[in-house]
Amino acid sequence: MEEYLIKFLVPALMLFITGMLGVMFKRNIITIFMCVEMMLVASMLVFVAFASATNDISGAVFAFFVMAIAAAEVAVGLAVITKLFKVENTVSTKELHTLGD
């Protein structure tokens, strides 16, 4: 069972770390948004891997709910990004001051 999980946990860890580094160091809001989605995909991969390893459906069901939350996040996030672009004419986090007012 350990070799089976390693095949999924290592790529999930790499995806999550890549997403976390992107959120920490990128300045473009759209890139940060994609990195957050990458972190959600990594968490779904872990849930499905453990569900498959333990022959339990609850991890896959939880991954389905994570997909639903990610879809709602995309809708709200893109609306916020579009509104900020209309107001500030930029998607760079260095130049955004609207949220502080």
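Just above sits the structure.
Note that the structure is a prediction, hence the values are computed from the model and not measured.

1. Some points on helix α3 (residues 58–88)
Here's step 1: Taking 1.5 Å per residue, 31 residues should reach 45 Å; α3 reaches 44 Å between its end C-alpha atoms and fits that length.
Here's step 2: Buried residues of α3: G59, A63, V66, A70, G77, I81 and L84, and no others.
Here's step 3: Along its buried surface, α3 packs onto α2 (29–53).
Here's step 4: N89 occupies a position one or two residues after α3 and carries a positive phi of about 60°.

2. Side note on the nonpolar core
Here's step 1: I29, F33, I81, L84 and V91 together form the largest nonpolar core, which totals 5 residues.
Here's step 2: Among the secondary structure elements, those contributing two or more residues to this core are α2 and α3.
Here's step 3: When sequence neighbours within four positions are dropped, the list of residues in contact with I81 reads I29, I30, F33 and V91.

3. Quick word on the environment of L5
Here's step 1: Structurally, L5 can be placed in helix α1 (residues 2–25).
Here's step 2: Between the alpha carbons of L5 and M39 there is a distance of 18 Å; along the sequence they are 34 residues apart.
Here's step 3: Not counting residues within four places of it along the chain, the set of residues in contact with L5 comprises A49, F50 and A53.

Reading guide: rules and limits
- Residues numbered from 1 in each chain as written.
- Predicted model: local features only at pLDDT ≥ 70, side-chain atom pairs only at ≥ 80, totals over all residues.
- Heavy atoms only, no water.
- Helix = DSSP H or I, 4+ residues; strand = E, 2+ residues; numbered from the N terminus.
- Expected span 1.5 Å × (residues − 1).
- Buried < 20%, exposed > 50% of the residue type's maximum accessible area, 1.4 Å probe, protein only.
- Contact = heavy atoms within 4.5 Å.
- Core = buried A, V, L, I, M, F, W, Y, C linked by side-chain atoms within 4.5 Å.

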